[in-house]
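# Notes for the structure review
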Amino acid sequence: MWIWALMQFVGFGVGILAGLALGLWALFVLFVIFGPLGVIFVLILGPLTILASVLIVWFDSGAFPVIALLLYLGMWGGLIIGGIGSSLTDHS
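Structural notes, computed from the coordinates. It should be emphasised that the depicted structure is a prediction, and the values quoted were computed from it without experimental measurement.

## Observations regarding the environment of V14
Tracing the backbone through its elements, the reader meets V14 in helix α1 (residues 2-43). Judged by relative accessible area, which is 41%, V14 ranks as partly exposed. The spacing of V14 and L71 is 57 residues in sequence and 9.7 Å in space, taken between C-alpha atoms.

Set out below in structure tokens:
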């Protein structure tokens, strides 16, 4: 059915866009804190950059960055919805 393909397309689209937005937010925070050389070094660490960005903003401002949590949950939610749509799509 076409609805499962649409579900797959929208789910993966939301997951990818939320993941990219979260990654860009993390790079922005690290660029402001460490400068361009720090970002190049931190990119090697991969997923730890997002955790480091959240902790830096949280401890520096005293407020938890809810936008990062929403993007993270949106990323995983979109990927799960896309995966469900992929498993339900008729491949015949």
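## A short note on the nonpolar core
Counting residues in each nonpolar core, the largest one holds six residues, listed as L22, W25, A26, V29, V54 and A68. Among the elements that line this core, the one with the most residues is α1, at four residues. Contacts of L22, omitting those with residues within four sequence positions, involve I50, A68, L71 and Y72.

## A closer look at the packing of α1 against helix α3 (residues 66-88)
Relative to each other, α1 and α3 sit at 155°, their axes nearing to 7 Å. Relative to α3, α1 is oriented roughly antiparallel. Along this stretch, α1 crosses α3, giving a crossing that reads as left-handed.

## Side note on the layout of surface pockets
By rolling a water-sized probe across the atoms, one finds the places where empty space is left. By volume, the largest pocket amounts to about 180 Å³. What lines the largest pocket is L22, P47, I50, L51, V54, F64, A68, L69 and Y72. In terms of residue class, the lining of the largest pocket is made up of nine nonpolar, no polar and no charged.

## Quick word on helix α2 (residues 48-61)
In a regular helix each residue adds 1.5 Å, so 14 residues correspond to 20 Å; α2 covers 20 Å between its end C-alpha atoms and thus fits that length. All of the buried residues in α2 are T49, S53 and V54. Projected onto a plane normal to the axis of α2, the buried residues spread over an arc of 135° and lie on a single side. Where α2 ends, the next residue or the one after it, G62, has phi of about 85°, a positive value.

## Digging into the packing of aromatic side chains
Inspection of the entire model under this criterion finds two aromatic pairs. Relative to F59, the ring of W58 has its centre 5.8 Å away and its plane inclined at 15°; by these criteria the two rings are stacked. Look at W58 and you get partly exposed, because its relative accessible area is 35%. Between W58 and F64, the aromatic rings sit 4.9 Å apart at their centres with planes inclined by 85°, giving edge-to-face as the arrangement. In this structure an aromatic cluster arises from ring pairing among W58, F59 and F64.

Criteria and cut-off values
Residues numbered from 1 in each chain as written. Predicted model: local features only at pLDDT ≥ 70, side-chain atom pairs only at ≥ 80, totals over all residues. Heavy atoms only, no water. Helix = DSSP H or I, 4+ residues; strand = E, 2+ residues; numbered from the N terminus. Buried < 20%, exposed > 50% of the residue type's maximum accessible area, 1.4 Å probe, protein only. Core = buried A, V, L, I, M, F, W, Y, C linked by side-chain atoms within 4.5 Å. Contact = heavy atoms within 4.5 Å. Axes fitted to C-alpha atoms, helices over the stretch in contact; angles between N-to-C directions. Parallel < 35°, antiparallel > 145°, perpendicular 65-115°, else oblique. Left-handed = near helix turned anticlockwise from the far one by under 90°. 1 Å grid on protein atoms, 1.4 Å probe; cavity = no way out; pocket = protein on both sides within 12 Å on 5 of 7 lines; lining within 4 Å. Points joined across faces, edges and corners; volume = space filled by probe spheres on them. Nonpolar A, V, L, I, M, F, W, Y, C, P; charged D, E, K, R; others polar. Expected span 1.5 Å × (residues − 1). Arc of directions from axis to C-beta. Phe/Tyr/Trp six-rings, centres within 6.5 Å; stacked < 30°, edge-to-face > 60°.

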